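Okay, here's what each chain looks like letter by letter:
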Amino acid sequence: MASRDVRSEIVEALRRYGFYIFDRSKQELVVEALRAAGDSRSLVKVRSLPQNPNYLILEVDAYAFEAACRERCSRDGLMNSHCYGKCVADVSKSLVEKLIAALSG
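First, a word on what this report is: a plain description of the structure on this page. Note that the structure is predicted; figures quoted are calculated from it, not measured.

## Considering the overall build of the protein
In terms of helices and strands, the protein carries four helices and five strands. Listing the helices and strands of the protein from first to last along the sequence gives α-β-α-β-β-α-β-β-α. Counting only C-alpha atoms, the protein reaches 55 × 35 × 20 Å along its principal axes. Sorting the 105 residues of the protein into buried and exposed places 34% on the buried side.

Okay, structure coming up:
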């Protein structure tokens with residue numbers, strides 16, 4: 001399977017689900033596709049699925065923006081959970097869209 005095919009698979013999965021699950025046999029092709037995405041690859045993390053280590057998941061790395069959302073949605077030491085959930089969802093969606101654009105180009 002060519003790198004372009006894997007890129008198409010990643011883009012389709014990100015559009016539908018916001019993440020991409022793949023088996024280890026595609027790992028090098030996924031890494032190659034992420035390299036082609038340039039700086040956008042820093043937006044994601046790839047890790048093994050705990051249920052089956054033969055499969056990996058590519059997903060947005062929430063670590064980079066969760067603290068900013070916590071800060072934005074906290075007042076007087078209390079966090080507004082609705083604001084936080086919306087912030088995380090919005091930023092995650094935005095990053096997925098940015099990654100899709102980078103992979104599609």
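## Observations regarding the pairing of strand 2 (residues 44–49)
Where strand 2 and strand 3 (residues 52–60) come together, six bridges link them in antiparallel fashion. Bridge pairing links Leu-49 to Asn-52 in strand 3. What sits between strand 2 and strand 3 in their antiparallel hairpin is a turn of two residues.

## A look at the sheet that holds strand 2
Within a sheet, neighbouring strands are paired by backbone hydrogen bonds and run either parallel or antiparallel to one another. Here we have three strands laid out as an open sheet, ordered 1-3-2, and antiparallel in their pairing. Only two strands of the sheet have a single partner each, and these edge strands are strand 1 (19–23) and strand 2. For this sheet, the mean inter-axis angle between neighbouring strands, taken without regard to orientation, is 25 degrees. Packing against the sheet, helix 2 (residues 27–36) makes contact with strand 1, strand 2 and strand 3, and its axis sits at approximately 145 degrees to strand 1.

## A word on the state of the cysteines
One pass over the structure, following the stated rule, counts two disulfides. Through a disulfide, Cys-69 is tied to Cys-87; the S-S separation comes to 2.1 Å. Between Cys-69 and Cys-87, the disulfide has an S-S torsion of -75 degrees and is therefore left-handed. Linking Cys-69 in helix 3 (residues 63–72) with Cys-87 in helix 4 (residues 81–104), this pair joins segments that are 18 residues apart in sequence. Assigned by exposure class, Cys-69 and Cys-87 land together as buried. Listing the disulfide partners of the protein by sequence rank of the bonded cysteines yields 1-4, 2-3.

## So, the environment of Ile-10
Its place among the elements puts Ile-10 in helix 1 (residues 3–17). Remark: the alpha-carbon pair of Ile-10 and Ile-100, spanning 90 residues in sequence, is separated by 8.2 Å. Contacts of Ile-10, omitting those with residues within four sequence positions, involve Tyr-20, Val-30, Ala-33 and Leu-103.

## Topic: the environment of Leu-58
With respect to the secondary-structure elements, Leu-58 resides in strand 3. Taking C-alpha positions, Leu-58 is 9.9 Å from Ala-13, a pair spaced 45 residues apart along the chain. Discounting residues that sit within four places of it in the chain, Leu-58 has contacts with Leu-14, Phe-19, Tyr-20, Phe-22, Val-30, Leu-34, Val-44, Lys-45, Val-46 and Leu-99.

Reading the values: the criteria
Residues numbered from 1 in each chain as written. Predicted model: local features only at pLDDT ≥ 70, side-chain atom pairs only at ≥ 80, totals over all residues. Heavy atoms only, no water. Helix = DSSP H or I, 4+ residues; strand = E, 2+ residues; numbered from the N terminus. Buried < 20%, exposed > 50% of the residue type's maximum accessible area, 1.4 Å probe, protein only. Pairing = 2+ DSSP bridges. Axes fitted to C-alpha atoms, helices over the stretch in contact; angles between N-to-C directions. Contact = heavy atoms within 4.5 Å. Disulfide = S-S within 2.5 Å.

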